[in-house]
Amino acid sequence: MIDNPSILIFDTTLRDGELTPGVHFTRENKVKIAQQLEEMGVDTIEVGYPGRYPKDIDDIIAVSQVIKNSTICALAGSQEAEIQQAAKALEKADKSCINIYTLVNLNSSSKIVDKNSVLSTIHQQISQAKNSCSQVQWTAFDATRSPINFLAEAVQMAIESGAKIISIPDSLGVAEPEDFYHLLENLYQNIPRLQQVTVSVHCHDDFGKAVENSLLGLDLGVRQIECAVNGLGARKGNANLGEIIDKIKYHQSYYTSINSHFIPKISELINNIMYG
Ligand SMILES: CC(C)[C@@](O)(CC(=O)O)C(=O)O
């Protein structure tokens, strides 16, 4: 049903998925996986984090050469050097996205953090990144353990600076569905401009809530879900791509461009790479 609101699927199998204990994807396998993700209709493929893993630069370049329809995404921390590396890696991509993350949980830092300097970093880095890719996504790292007022200020700043996608992660997978729903609701109530950008969620499965948490914001306006094939990802993984797609199709109030017939095939490809 094409008239239903469309939900974008952002796959992070090749980035967060590679943080699954024991998992490594060769360049050749990253290209193969990306081709299948594109074939099934995934909107955005996050391929790596060049600022932390230098080999990801060439992985992203290799994937960029074969992918035409999906957006290619590179993760970057909020330092200038990381953004430059992401931009360099994405030069050949037809549609590119730099996903910048900034720690908003000021309590967790060992240093005393000045709020204004965090806000000005967000502004500077997004302003820099938007000249070197098609779209900037900004991720509020550790959003679910952050002071809500500061989180809202940071989101507001990211939107004003030009981020077109705002991602709210449950970075450590600790949010109860009720709490995650209230967090999103609070942001929608307090930031009118959230309606003008794409809101994304990135949930981890430490307590088995990744899929539930990823879907509960759709009625509030969330329009992008970050997930990974077979639920791969750091620690206990991210939301499982196949489950997300099936639930959206079953729900019937939303639309995704993903062809779910491809899910078993890509699931098997990943299994063969990991255990074959
Ligand atoms: C940056 C991000 C989306 C992250 O994956 C963190 C990271 O991989 O460093 C998360 O779960 O918050």
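Note that this is a predicted model, so its numbers are computed, not measured.

Where do I start with a negative patch on the surface in this structure?
A cluster of acidic side chains, namely E176, E178, D179 and E212, defines a negative patch on the protein surface. Structurally, E176 can be placed in the loop between β6 (165–170) and α6 (177–190). Given the relative accessible area of 40%, E176 is considered partly exposed.

For this particular structure, what's the right way to read the environment of I126?
Along the chain, I126 falls in helix α4 (residues 115–129). Judged by its relative accessible area of 0%, I126 falls in the buried class. Note: C-alpha distance between I126 and M274 (148 residues apart in sequence) is 36 Å. With residues up to four places along the chain from it excluded, the contact list for I126 reads I100, V136, W138, A158, S161, G162 and A163.

Explain the packing of helix α1 (residues 27–40) against helix α2 (residues 55–66) to me, please; I cannot follow it from the model alone.
Direction vectors running N to C along α1 and α2 enclose 40°, while the axes themselves pass 9 Å from each other. Taken together, the axes of α1 and α2 are oblique relative to one another. Taken as a pair, α1 and α2 cross one another with a handedness that is right-handed. Along the contact surface, α1 presents R27, K30, V31, A34, Q35 and E38, while α2 presents K55, D56, D58, D59, A62, V63 and V66.

Looking at this structure, how should I read the sheet that holds strand β7 (residues 198–203)?
Pairing between the strands of a sheet comes from backbone hydrogen bonds, and it takes one of two forms, parallel or antiparallel. Ordered in space as β1-β2-β3-β4-β5-β6-β7-β8, the eight strands form a closed barrel in which the pairing is parallel. The sheet shows a mean angle of 25° between the axes of neighbouring strands, taken without regard to direction. Direction of pairing for β6 relative to β7: parallel, over a ladder of six bridges. Across the sheet, the residue bridging to D170 is C203, located in β7. Together, β2 (44–48) and β3 (71–77) form the strand contacts of α2, whose direction differs from that of β2 by roughly 145°. Sheet contacts for helix α8 (residues 241–251): β1 (8–11) and β8 (224–227); angle to β1, the most-contacted strand, approximately 175°.

Hey, could you run me through the site of the ligand in this one?
Looking at the ligand, the residues that line it are R15, D16, L75, Y101, T139, F141, P169, S171, H202 and H204. A distance of 2.8 Å is found between an oxygen atom of the ligand and a side-chain nitrogen or oxygen belonging to R15. S171 is positioned such that a nitrogen or oxygen atom in its side chain is 2.5 Å from an oxygen atom of the ligand. For the ligand, the accessible surface in isolation is 320 Å², of which the surrounding protein chains cover 91%.

What exactly am I supposed to notice about the packing of aromatic side chains here?
Describing an aromatic ring pair means giving the distance of the ring centres and the angle of the ring planes. The final tally for this structure, using the stated rule, is three aromatic pairs. Plain terms: the ring middles of Y49 and Y53 are 6.1 Å apart, the flat faces sit at 85° to each other, and that makes the pair edge-to-face. With relative accessibility at 3%, the residue Y49 sits in the buried group. For Y53, a relative accessible area of 33% corresponds to the partly exposed category. Between Y101 and F141, the aromatic rings sit 5.3 Å apart at their centres with planes inclined by 80°, giving edge-to-face as the arrangement. Remark: F141 occurs in strand β5 (residues 135–141) and Y101 occurs in strand β4 (residues 96–103); sequence separation between them is 40 residues. What links up through ring pairs into an aromatic cluster is the set Y49, Y53, Y101 and F141.

What counts and how
- The residue numbers shown here count from 1 along each chain, following its written sequence.
- Reporting of local features is limited, given that this is a predicted model, to residues whose pLDDT is at least 70; pairs of side-chain atoms are given and counted only at 80 or more, and all residues count toward the totals for whole chains, interfaces and linings.
- The side-chain quantities take in all heavy atoms of the structure and omit both hydrogens and water.
- Grouping into patches uses exposed residues only, defined as over 30% relative accessible area, and leaves out salt-bridged ones; the cut-off is 9 Å for like charges and 5 Å for nonpolar side chains (Val, Leu, Ile, Met, Phe, Trp, Tyr).
- Note on areas: Shrake-Rupley, 1.4 Å probe, and residue coverage restricted to the protein chains presented here.
- Each salt bridge in this description consists of a side-chain nitrogen of Lys or Arg and a carboxyl oxygen of Asp or Glu lying within 4 Å of one another.
- Asp and Glu count as negative and Lys and Arg as positive, but His and the ends of the chain are not part of the count.
- For charged residues, the charge sits on one atom: NZ in Lys, CZ in Arg, CG in Asp, CD in Glu.
- Elements are defined by DSSP. Helices are runs of H or I of four residues or more, strands are runs of E of two residues or more, and each kind is numbered from the N terminus.
- Remark: exposure states derive from per-residue accessible area (1.4 Å probe, protein chains only) relative to the maximum for the residue type, with buried under 20%, exposed over 50%, and partly exposed in between.
- Any pair of residues with heavy atoms lying within 4.5 Å of one another is described as a contacting pair.
- Working convention: axes come from line fits to C-alpha atoms, limited for helices to the stretch in contact. Angles between N-to-C directions cover 0 to 180 degrees.
- What sets the label is the angle itself: under 35 degrees gives roughly parallel, over 145 gives roughly antiparallel, 65 to 115 gives roughly perpendicular, and the rest give oblique.
- With the far helix as reference, a near helix turned anticlockwise by less than a right angle produces a left-handed crossing, and one turned clockwise produces a right-handed crossing.
- Strands pair, by our definition, only if DSSP identifies at least two bridges between them.
- We call a residue near a molecule or strand when any one of its heavy atoms sits within 4 Å of it.
- Pairs of N or O atoms are called polar contacts if they sit within 3.5 Å, as long as, within protein, a hydrogen donor faces a hydrogen acceptor (for residues adjacent in sequence, only side-chain-to-side-chain pairs).
- Two aromatic rings, drawn from Phe, Tyr or Trp (for Trp, its six-membered ring), form a pair once their centres lie within 6.5 Å of each other, and the interplanar angle then sorts them: stacked below 30 degrees, edge-to-face above 60, tilted otherwise.

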